[in-house]
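Commentary on secondary and tertiary structure
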Amino acid sequence: MKYFIITGTSRGIGESIAEQLVSPDHYLFCISRERNESLVSKNSNITYYEFDLNHIHLIESLMGSIFNSIDVSKAEGIYLINNASMIAPVSFIDTARVDEIMGNINVNLLAPIILTSMFIKHTNGHLIDKRILNISSSSAKNHHPGMSLYSAAKAGLDVFSQCVGLEQNHSKTPVGIVSIWPGMIDTNLQKEARSQDKSTFPSAEIFEVVKDTGMLTTAQETAQQIIEFLFKPNFEHGAVVDIYDYSKLQQHLSI
Ligand SMILES: NC(=O)c1ccc[n+]([C@@H]2O[C@H](COP(=O)([O-])OP(=O)(O)OC[C@H]3O[C@@H](n4cnc5c(N)ncnc54)[C@H](OP(=O)(O)O)[C@@H]3O)[C@@H](O)[C@H]2O)c1
């Protein structure tokens with residue numbers, strides 16, 4: 001049996017990843033605040049945790065409970081996909097509330113860091129296939145006024161993944177880790193960015209253009225690319241990998 005711990009499975013890319021991973025040989029642990037009823041109702045190999053990743057102090061016991069139900073020594077492989085994320089608050093930093101600032105960094109950076117730490121701890125010493133995919137964003141490099149927290153968290157996640165990659169090179173039973181930039185995908189997150197007030201988020205217009213010119217990929221396509229990457233023999237351990245199909249962008253730019 002292969003085991004998958006996936007965050008942010010109530011919608012968007014995370015939901016598509018979970019849907020595509022469903023198989024009699026796979027067991028999924030899905031995490032989001034809202035339970036994805038349609039996913040659970042169709043499949044028995046899923047345990048769903050309605051869990052708020054902003055509750056940083058509870059992540060350790062969440063992972064304890066997940067690993068209590070896995071016999072790691074008998075597993076064929078164990079995989080963690082840190083996918084959950086939020087862009088709010090989309091605002092200049094001086095107008096963001098402290099609880100909003102903390103919430104963003106908690107969900108986008110601290111939660112994946114703690115989940116990674118717990119995953120490595122619980123699987124330590126087991127010579128099985130162990131991989132972590134941190135779903136990051138090109139926003140780590142391409143910056144917009146009003147998205148400082150999201151960009152800073154994703155840049156942090158990239159650096160964290162690279163550093164943990166170096167650490168795992170010292171392990172006898174290493175965990176593979178990669179940070180992925182999935183591209184531009186037609187999900188709620190994009191909708192939230194383009195529907196902001198342009199007076200407080202000038203880049204809203206760019207997100208509108210991206211949608212209107214058909215540059216967005218579907219969540220299903222992106223999930224398929226991410227899963228292919230997860231099982232790749234040469235996993236590019238320790239790297240930050242951009243999987244967006246830039247030929248798509250070229251086509252639109254040349255029109
Ligand atoms: N869409 C894009 O163009 C794009 C581009 C680059 C990178 N990405 C990355 O791709 C990943 C998936 O994004 P998406 O576009 O699919 O976003 P999405 O449609 O907004 O979905 C976000 C998921 O994260 C979960 N989540 C948010 N806050 C949470 C919390 N406090 N606790 C637990 N779960 C929480 C949501 O579930 P609940 O609300 O039910 O909790 C939801 O399932 C993210 O890491 C994002 O940064 C997306």
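So, here is what we can say about the structure in this document. Just so you know, these numbers come straight off a predicted model, no measurement behind them.

**Some points on empty space enclosed by the protein**
The final tally for this structure, using the stated rule, is 1 cavity of 30 Å³ or more. Estimates place the volume of the largest cavity at around 50 Å³. Surrounding the largest cavity, 13 residues form its lining, Thr7, Asn82, Ala84, Val107 and Pro112 being those nearest its centre. Elements that contribute at least two residues to the lining of the largest cavity include exactly helix H4 (98–123) and helix H5 (148–168). The element that contributes the greatest number of residues to the lining of the largest cavity is H4, accounting for 5 residues. Considered class by class, the residues forming the lining of the largest cavity number 8 nonpolar, 4 polar and 1 charged.

**Some remarks on the site of the ligand**
As a matter of local geometry, the ligand sits amid 30 residues, with Ser10, Arg33, Asn83, Tyr150 and Thr187 nearest to it. Tyr150 places a polar side-chain atom, nitrogen or oxygen, 2.5 Å from an oxygen atom of the ligand. Most atoms of the ligand, that is more than half of them, are within 2 Å of grid points of the largest pocket. Elements with a contribution of two residues or more to the shell around the ligand: helix H1 (12–21), H5 and helix H6 (188–194). Ranked by the residues each element gives to the shell around the ligand, the list is headed by H6, at 3 residues. Its residues assigned to classes, the shell around the ligand comprises 11 nonpolar, 14 polar and 5 charged.

The rules behind each value
- Residues numbered from 1 in each chain as written.
- Predicted model: local features only at pLDDT ≥ 70, side-chain atom pairs only at ≥ 80, totals over all residues.
- Heavy atoms only, no water.
- 1 Å grid on protein atoms, 1.4 Å probe; cavity = no way out; pocket = protein on both sides within 12 Å on 5 of 7 lines; lining within 4 Å.
- Points joined across faces, edges and corners; volume = space filled by probe spheres on them.
- Helix = DSSP H or I, 4+ residues; strand = E, 2+ residues; numbered from the N terminus.
- Nonpolar A, V, L, I, M, F, W, Y, C, P; charged D, E, K, R; others polar.
- Near = heavy atom within 4 Å.
- Polar contact = N/O pair within 3.5 Å; in protein donor to acceptor, adjacent residues only side chain to side chain.
- Sits in = over half its atoms within 2 Å of the grid points.

Interpretation in functional terms is not warranted from these geometric data alone.
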